[in-house]
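# Analysis of the macromolecular model
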Amino acid sequence: MSEAIRVEGLVKSFGPARALDGLQLSVLAGEAHGLLGAAGAGKTTAFRVLLGLVQADSGIARLLDGDCWRDGVRLHRRLAYAPTAVRFWPNLSGGEIIDFLCRLRGGQLDGRRRDDLIDRLSLNPHRKARKYSAGERQKLAVISALASDAELLLLDQPTSEMDPTARAVVRVGLLEAKQRGQTILLSGESLDELADVCDRISVIRSGRTIESGSPHSAMGDALVSRDRVVEDRKVAT
């Protein structure tokens, strides 16, 4: 199978802080791939590099058939992105934002799927974005992504502000996207958020890939990584 995402030796520093330290990542076309790591592990920086929002210091980052930095405008027409802690234009309604994001992307939006997701997530699309709670804004971002026919879905901790019921609805929506053949890169801080959806999971720590494999193997790697953090803290104190 071809690669939808290929990252090799990715390095990105912000002043003295190194957010990515040789990150490796391979996501196959049609695969749901999880990026598992604690807060500060480098997940969001990896997404920003993949989206061409920041330029890596070194390494390779490719999406679909292009370079993330040089071909970003063209590639954005083939992907949908749901960030964490999202904010929208305050005077637009939820429905207007969904439709605008679709037009901005230049892709197609499935109106029936959009309406179904709005109903299942109990979101009022007529309210202004400034009146949405953090969880409702996350719902809006996820609906905008899952209602699209984009080849690639990039979802950075998309359910972080949602209640358990909404998270279950999003999980079903992601499984439906897999059945449609869409490629998914999904990040989270908990294995439970990823295991039911993802075919493979990459565990990252301090901007490096610890291991990639099935959700079952990732569980062991995550525990090892957690224990290392605990030991590091003991040594430091």
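Quantities reported herein were computed from a predicted structural model and do not represent experimental measurements. (Residues numbered from 1 in each chain as written. Predicted model: local features only at pLDDT ≥ 70, side-chain atom pairs only at ≥ 80, totals over all residues. Heavy atoms only, no water.)

A few words now on the environment of Leu-155. Among the structural elements, Leu-155 can be located in strand E7 (residues 152–156). The class for Leu-155 is buried, based on a relative accessible area of 2%. With 33 residues separating them along the chain, Leu-155 and Gly-188 place their C-alpha atoms 9.2 Å apart. Each residue touching Leu-155, except ones within four places of it in the same chain, is listed here: Phe-47, Ala-82, Ala-145, Leu-174, Ile-184, Leu-185, Leu-186 and Ser-187. (Helix = DSSP H or I, 4+ residues; strand = E, 2+ residues; numbered from the N terminus. Buried < 20%, exposed > 50% of the residue type's maximum accessible area, 1.4 Å probe, protein only. Contact = heavy atoms within 4.5 Å.)

Further remarks concern the confidence of the model for the protein chain. A residue-level look at the protein chain finds 90% of positions with pLDDT of 70 or above and a mean pLDDT of 88. Here residues 223–237 scores under 50 on pLDDT; set against residues more than four positions off or in separate chains, the count is five contacts. (pLDDT = per-residue confidence, 0-100.)

The subject of this paragraph is the nonpolar core. Phe-88, Leu-153, Leu-155, Leu-174, Ile-184 and Leu-186 are the most contacted members of the largest nonpolar core, which has 38 residues in total. Sorting elements by how many residues they give to this core places helix H5 (residues 134–146) first, with six residues. Beyond its immediate stretch of four places on either side in the chain, Leu-174 contacts Leu-146, Leu-155, Ile-184, Leu-186 and Val-197. The next biggest cluster of nonpolar side chains, apart from the first, holds 25 residues, and it includes Ala-4, Leu-23, Leu-75 and Ile-204. (Core = buried A, V, L, I, M, F, W, Y, C linked by side-chain atoms within 4.5 Å.)

This paragraph deals with the pattern of salt bridges. Within the structure shown, the criterion is met by 19 salt bridges. In this structure, Asp-196 and Arg-171 form a salt bridge, with 3.8 Å as the shortest nitrogen-oxygen distance. Of the two residues, Asp-196 sits in the loop between helix H7 (191–195) and strand E9 (200–205) while Arg-171 sits in helix H6 (residues 164–179), which places them 25 residues apart along the sequence. Residue Arg-171 is classed as partly exposed on the basis of its relative accessible area, which comes to 28%. One salt bridge connects Asp-199 with Lys-178, and the closest N-O pair in it is separated by 3.1 Å. Note that Asp-199 is positioned in the loop between H7 and E9 and Lys-178 in helix H6, a separation of 21 residues in sequence. The class of Lys-178 is partly exposed, set by a relative accessible area of 23%. Look at the salt bridges and you will find they share partners, linking Asp-65, Asp-71, Arg-74, Arg-78 and Glu-151 into a network. (Salt bridge = Lys/Arg side-chain N within 4 Å of Asp/Glu carboxyl O.)

Its 12 residues place the ends of helix H3 (residues 94–105) 17 Å apart at the C-alpha level, agreeing with the 16 Å of an ideal helix rising 1.5 Å per residue. For H3, every residue scored as buried is listed here: Gly-94, Gly-95, Ile-97, Ile-98, Leu-101, Cys-102 and Arg-105. Relative to the axis of H3, the buried residues are bounded by an arc of 165 degrees and lie together on one face. Looking at H3, the residues exposed on the side facing more than 90 degrees away from the buried face are Arg-103 and Leu-104. Check the buried side of H3 and you find it contacts helix H2 (72–76), strand E6 (79–82), helix H4 (111–120) and H5. (Expected span 1.5 Å × (residues − 1). Arc of directions from axis to C-beta.)

Here nine bridges tie strand E1 (residues 3–14) to strand E2 (residues 17–28), and the two strands are oriented antiparallel to one another. Looking at the pairing, Glu-3 lines up with Leu-28 of E2. Adjacent in sequence and paired antiparallel, E1 and E2 are bridged by two residues, among which Gly-15 carries a positive phi angle near 65 degrees. Here E1 pairs with strand E4 (residues 58–63) via five bridges, running antiparallel. The partner of Ile-5 across the bridge, within E4, is Leu-63. (Pairing = 2+ DSSP bridges.)

Our focus in this paragraph is the sheet that holds E4. If you trace the four strands from one edge of the open sheet to the other, you get E2-E1-E4-E5, paired in antiparallel fashion. Looking at which strands have only one partner, the edges of the open sheet turn out to be E2 and strand E5 (66–67).

This brings us to the packing of aromatic side chains. The final tally for this structure, using the stated rule, is three aromatic pairs. Measuring from centroid to centroid gives 6.4 Å for Phe-88 and Trp-89, while their planes differ by 35 degrees, and the two rings are tilted. In this structure Phe-88 comes out as buried when scored by relative accessible area, which is 17%. The ring of Phe-14 has Lys-12 lying over it, and the distance from NZ or CZ to the ring centre is 5.3 Å. (Phe/Tyr/Trp six-rings, centres within 6.5 Å; stacked < 30°, edge-to-face > 60°. Lys NZ or Arg CZ within 6 Å of the ring centre and 35° of its normal.)

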